[in-house]
Amino acid sequence: MTLSVVVARTNIDGIEYLEEGARAVWTRMSERAQHFPTVREATRVAMRLPSRLRAYALPIH
């Protein structure tokens, strides 16, 4: 069962997560990631980011 969903992106160094309370600040620490209750809400936030950031919703177990 999925407990929450985060917004993530990949880069050369690995996965980065959208930081809690930030519009487009990224962190490599999953503990600081903003969590969403549904994939739909996380996807909505990812789609509102500028296209050069290319993020996606990632379910966390």
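Before reading further, recall that the structure is shown in the block above.
Every chain is numbered independently, its residues counted from 1 as its sequence is written. Owing to the predicted nature of the model, reporting of local features is limited to residues with pLDDT of at least 70; listing and counting of side-chain atom pairs is limited to 80 or more, with chain, interface and lining totals taken over all residues. Just so you know, side-chain values use all the structure's heavy atoms and leave hydrogens and water out.

## Details of the overall build of the protein chain
Threshold: By definition, any uninterrupted DSSP run of H or I lasting at least four residues is a helix, any uninterrupted run of E lasting at least two residues is a strand, and each is numbered from the N terminus. When we talk radius of gyration, it's over C-alpha atoms, and the globule rule is simply 2.2 Å times the number of residues to the 0.38. When accessible area is computed with a 1.4 Å probe and restricted to protein chains, residues below 20% of their type maximum are described as buried, those above 50% as exposed, and intermediate ones as partly exposed.
Helix and strand counts for the protein chain come out as one helix and five strands. Ordering the α and β elements of the protein chain from the N terminus gives β-β-β-β-α-β. Whereas a compact globule of 61 residues would reach a radius of gyration of roughly 10 Å, the protein chain reaches 10 Å, a difference of no more than 12%. Referenced to the eigenvectors of the C-alpha coordinate spread, the extents of the protein chain come out at roughly 30 × 20 × 20 Å. The proportion of buried residues among the 61 residues of the protein chain is 34%.

## Let's talk about the pairing of strand 2 (residues 14–18)
Just so we agree on the cut-off: Two strands pair under a simple rule: DSSP has to find at least two bridges between them.
Strand direction decides the pairing type here: strand 1 (residues 4–11) and strand 2, joined by four bridges, are antiparallel. Pairing of threonine 10 across the sheet is with isoleucine 15, part of strand 2. The turn joining strand 1 and strand 2, which pair antiparallel and follow one another in sequence, is formed by two residues. Both strand 2 and strand 3 (residues 26–27) contribute to a ladder of two bridges, which runs antiparallel. Pairing of tyrosine 17 across the sheet is with threonine 27, part of strand 3.

## Some points on the nonpolar core
As a reminder of what qualifies: Note on terminology: a nonpolar core comprises buried Ala, Val, Leu, Ile, Met, Phe, Trp, Tyr and Cys residues joined through side-chain atoms within 4.5 Å. Whether two residues are in contact is decided by their heavy atoms: any pair within 4.5 Å suffices.
Within the largest apolar cluster, 10 residues are counted, these being Val5, Val7, Leu18, Trp26, Phe36, Ala42, Ala46, Leu49, Leu53 and Ala55. Those elements that place two or more of their residues in this core are strand 1 and helix 1 (39–48). What valine 5 contacts, discounting residues up to four positions off in sequence, is Gln34, His35, Phe36, Thr38, Val39, Ala42, Ala57, Leu58, Pro59 and Ile60.

## Topic: the pattern of salt bridges
When the charged atoms of two side chains lie near each other, side chains of opposite charge can form a pair. The criterion, for reference: Between Lys or Arg on one side and Asp or Glu on the other, a salt bridge is scored when a side-chain nitrogen of the former is within 4 Å of a carboxyl oxygen of the latter.
Under the criterion given, the structure shown has two salt bridges. A salt bridge links arginine 9 to glutamate 16; the nearest nitrogen and oxygen atoms lie 2.8 Å apart.

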